[in-house]
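Observations on the model geometry
So you can see what is in the structure, the chains are spelled out below.
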Amino acid sequence: MHESITDGDLPYPPPPFMMIETLILTVGAFCAAVVSGATGFGFALVSTALWNQALDPRLVAVLVVAFTLALNIAYLPLFWRDIDLQRLAPFAAGSLLGVPLGAYALSRLPAPALRLAVGVLLLVYGGYLLSRSRTPRLELSARVARMADAGIGFAGGFFGGLGGLSGFLPALWCTLRGWEKVTGRALVQAYILFTNVLSLLWIGGFVGVDAEAQGHLLLGLPFVLVGGWLGLRLFARFDTTTFNRVVLWVITACGAVLVLRH
């Protein structure tokens, strides 16, 4: 006689689900890396919007931070000569305070509410700037500018600790300040690298990096590296104006996806 099979005997998750999860992981990693290579910051936004369809939000946070860190280490030789450490300093100082708060929020607050809040912010602000014929440029005194830079660094750090979303606010800020595309990108890359090192430490402490996360990291890494290389080739073709518009379109589109997903 054949023994009956109960629900508890069935493998979990079932193979079709595992295939879908693997497809979403790899396609999301590749697409997000292309956007990151082209804009310098979009990996977290694109991957979060795609991976949340199948992966646990806290696993997504670990993957985003680790992959973004790997990409920004790879980008560093291309942009390190353009990094202004004096300009970076207030952003980094703000990040030191923001990252722990974001990582704590990730471990305590409901994921759907966090996704919706980020999505609304991106959709409204990105859409507003796209609706203008010209992106406004802020003219600030040196003292006010450094205080504002620290505030943006703090907010970016919070979103970094929340799930690797550290880059979109500094990227927007560089656009509003009217900085040339290489200058702005070099600052954003350095900031994301610094913030993601902090985020990985804090998220690892609050959320943990288990065997499942390690397996996903190994599976997705080749797709991330290839996508990042292709994105860099796109970046080389953009002038500053086109680059800034692409940044705004990426931010707005990702905000719409996060809101609709909610």
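This write-up is about the structure you can find in this document. For clarity, every value in this text was computed on a predicted model and none was experimentally measured. (Residues numbered from 1 in each chain as written. Predicted model: local features only at pLDDT ≥ 70, side-chain atom pairs only at ≥ 80, totals over all residues. Heavy atoms only, no water.)

**Notes on the pattern of salt bridges**
Two side chains that carry opposite charge are able to pair once their charged atoms sit near each other. Applying the stated criterion across every chain, the model contains one salt bridge. A salt bridge links Arg 177 to Asp 149; the shortest N-O distance between them is 3.1 Å. Taken together, the residues span a long stretch of sequence, with Arg 177 in helix α7 (residues 168-177) and Asp 149 in helix α6 (residues 142-163) at a distance of 28 residues. Note on accessibility: Arg 177 and Asp 149 belong to one class, buried. (Salt bridge = Lys/Arg side-chain N within 4 Å of Asp/Glu carboxyl O. Helix = DSSP H or I, 4+ residues; strand = E, 2+ residues; numbered from the N terminus. Buried < 20%, exposed > 50% of the residue type's maximum accessible area, 1.4 Å probe, protein only.)

**Topic: α6**
For α6, which comprises 22 residues, the first-to-last C-alpha distance of 31 Å matches the rise-based estimate of 32 Å (1.5 Å per residue) to within 8%. Within α6 the residues assigned to the buried category are Ala 145, Asp 149, Ile 152, Gly 153, Gly 156, Gly 157, Phe 159, Gly 160, Gly 161, Leu 162 and Gly 163. Trailing α6 by a residue or two, Gly 164 shows a phi angle of about 75°, which is positive. (Expected span 1.5 Å × (residues − 1).)

**Regarding empty space enclosed by the protein**
Applying the stated criterion across every chain, the model contains two cavities of 30 Å³ or more. There is about 100 Å³ of room inside the second largest cavity. Elements supplying a minimum of two residues to the lining of the second largest cavity: α7, α8 (181-206) and α10 (240-261). Residue contributions to the lining of the second largest cavity peak at four residues, all from α8. Of the residues assigned to the lining of the second largest cavity, the class counts are seven nonpolar, five polar and three charged. (1 Å grid on protein atoms, 1.4 Å probe; cavity = no way out; pocket = protein on both sides within 12 Å on 5 of 7 lines; lining within 4 Å. Points joined across faces, edges and corners; volume = space filled by probe spheres on them. Nonpolar A, V, L, I, M, F, W, Y, C, P; charged D, E, K, R; others polar.)

**Focus: the packing of α6 against α7**
Across the interface, α6 lies against α7 with an axial gap of 8 Å and an inter-helix angle of 150°. Taken together, α6 and α7 sit at an angle that is classed as roughly antiparallel. Packed against α6, whose contacting residues are Ala 145, Ala 148, Asp 149, Ile 152, Ala 155, Gly 156 and Phe 159, the element α7 presents Phe 168, Leu 169, Pro 170, Trp 173 and Arg 177 at the interface. Among the residues forming the contact of α6 with α7, the class breakdown is nine nonpolar, one polar and two charged. (Axes fitted to C-alpha atoms, helices over the stretch in contact; angles between N-to-C directions. Parallel < 35°, antiparallel > 145°, perpendicular 65-115°, else oblique. Contact = heavy atoms within 4.5 Å.)

**A look at the nonpolar core**
Formed by 65 residues in total, the largest nonpolar core has its most connected members in Phe 41, Phe 43, Leu 45, Trp 51, Leu 63, Phe 168 and Ile 251. When residues in this core are grouped by element, the largest group, eleven residues, is from helix α3 (residues 57-79). With sequence-adjacent residues up to four places away left out, Phe 43 is seen in contact with Ala 29, Ala 32, Ala 33, Ser 36, Trp 51, Val 64, Phe 67, Thr 68, Leu 71 and Val 224. (Core = buried A, V, L, I, M, F, W, Y, C linked by side-chain atoms within 4.5 Å.)

**Some remarks on the packing of helix α2 (residues 43-51) against α3**
Relative orientation of the contacting elements α2 and α3 amounts to 150°, with a least axis distance of 10 Å. Classified by the angle between their axes, α2 and α3 sit roughly antiparallel to one another. In the crossing of α2 with α3, the sense of the turn from one axis to the other is right-handed. For the pair α2 and α3, contact is made by Phe 43, Ala 44, Ser 47, Thr 48 and Trp 51 and by Val 60, Leu 63, Val 64, Phe 67, Thr 68 and Leu 71, respectively. Considering only residue class, the contact of α2 with α3 consists of eight nonpolar, three polar and no charged. (Left-handed = near helix turned anticlockwise from the far one by under 90°.)

**Digging into helix α4 (residues 85-108)**
For α4, built from 24 residues, the straight-helix expectation of 34 Å at 1.5 Å per residue is met to within 8% by its first-to-last C-alpha distance of 34 Å. A bend of about 30° at Leu 96 is the largest found in α4, and the proline Pro 100 appears one to four places after it. Its side-chain oxygen 3.1 Å from the backbone nitrogen of Gln 86, Asp 84 forms the N-cap of α4. (Bend = angle between axes of the 7 residues up to and from the residue. Polar contact = N/O pair within 3.5 Å; in protein donor to acceptor, adjacent residues only side chain to side chain.)

**So, the environment of Leu 50**
Its location among the elements puts Leu 50 in helix α2. When the C-alpha atoms of Leu 50 and Leu 25 are compared, they prove to be 8.2 Å apart, with 25 residues separating the residues in sequence. Each residue touching Leu 50, except ones within four places of it in the same chain, is listed here: Ile 24, Gly 28 and Cys 31.

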